[in-house]
Amino acid sequence: MPIRAARPEEAPLLSELALRSKGHWGYDSDFLERCREELRLRPAEIVRRRTAVAEVRGRIAGFVTVDGDPPGGELGMLFVDPPFIGRGVGGLLFRHALAVAATLGIRRLEFGADPNAEPFYLAMGAVRIGVCPSGSIPGRQLPLMAIDTATGAAAGADGSERDQ
């Protein structure tokens, strides 16, 4: 499954994919509408956020962004189109993000995760280090996750690796 750099003109398509992916968890239309702005990618952000897409037979199956600068960074967005969930796209994109971050000298990625996606990130080697506020829903707390980019090992709140 090829991964390539996203193109600025794909920003609207990726934004809609993110909303469809979020909707996979059963959130109602009001909730999703409240998330729309936070999940929107703008053409000017595509390159800066190091956005990459995975394709299946020429169709975008998911995308990921790697935000920030060394030594710390953020897994900004990782979304898989619902028809491709459970087919390895998310894991491929996650490993791609780790490789990109490591190449840039980013030693650790931290990120807020949808509570429904936390088991996926734990399975990928990340660890929950706390909570962070939702950027869309006031008062909602999200799992705050971290992972070491060089080893793919869970990174503790102090930056140390944790055994799983």
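Residues numbered from 1 in each chain as written. Predicted model: local features only at pLDDT ≥ 70, side-chain atom pairs only at ≥ 80, totals over all residues. Heavy atoms only, no water.

Draft legend 1. Layout of the overall build of the chain. Each helix and strand counted, the chain has five helices and nine strands in total. Overall, the chain shows an N-to-C arrangement of helices and strands of β-α-α-α-β-β-β-α-β-α-β-β-β-β. In summary, the chain has a C-alpha radius of gyration of 15 Å against a globular reference of 15 Å for 164 residues, a match within 12%. In terms of principal-axis extent, the alpha carbons of the chain reach across some 40 × 35 × 30 Å. (Helix = DSSP H or I, 4+ residues; strand = E, 2+ residues; numbered from the N terminus. Rg over C-alpha atoms; globule rule 2.2 N^0.38 Å.)

Draft legend 2. Molecular detail of the pattern of salt bridges. For the structure shown, the criterion picks out 17 salt bridges. The partner of Arg42 in a salt bridge is Glu37, with the nearest N and O atoms 2.1 Å apart. Looking at Glu37, the relative accessible area reads 45%, which means it is partly exposed. Taken together, the salt bridges that share partners define one network made up of Arg4, Arg7, Glu9, Glu10 and Glu55. (Salt bridge = Lys/Arg side-chain N within 4 Å of Asp/Glu carboxyl O. Buried < 20%, exposed > 50% of the residue type's maximum accessible area, 1.4 Å probe, protein only.)

Draft legend 3. Here's a closer look at the side chain of Thr51. The residue Thr51 is located in the loop between helix H3 (45–48) and strand E2 (52–56) in this model. In this structure, Thr51 is in contact with Arg4, Ala5, Ala6, Leu14, Leu41, Glu45, Ile46, Phe63, Val64 and Thr65, ignoring residues within four places of it in sequence. (Contact = heavy atoms within 4.5 Å.)

Draft legend 4. Representation of the pairing of strand E7 (residues 141–148). Most of E7 is tucked away: seven of the eight residues are buried. Here strand E6 (residues 127–133) pairs with E7 via six bridges, running antiparallel. Bridging across to E7, Pro133 finds its partner in Gln141. (Pairing = 2+ DSSP bridges.)

Draft legend 5. Spotlight on helix H1 (residues 11–23). Helix length check: H1 (13 residues) gives 18 Å between terminal C-alpha atoms against 18 Å at 1.5 Å per residue, within 8%. Here the buried face of H1 lies against helix H2 (29–35), H3, E2, strand E3 (59–67) and strand E4 (72–80). (Expected span 1.5 Å × (residues − 1).)

Draft legend 6. Quick look at the state of the cysteines. On inspection of all chains with the given rule, the structure shows zero disulfides. Free cysteine Cys35: the closest other cysteine sulfur is in Cys132, separated by 13 Å. Cys35 gets classed as buried once you look at its relative accessible area, which sits at 4%. (Disulfide = S-S within 2.5 Å.)

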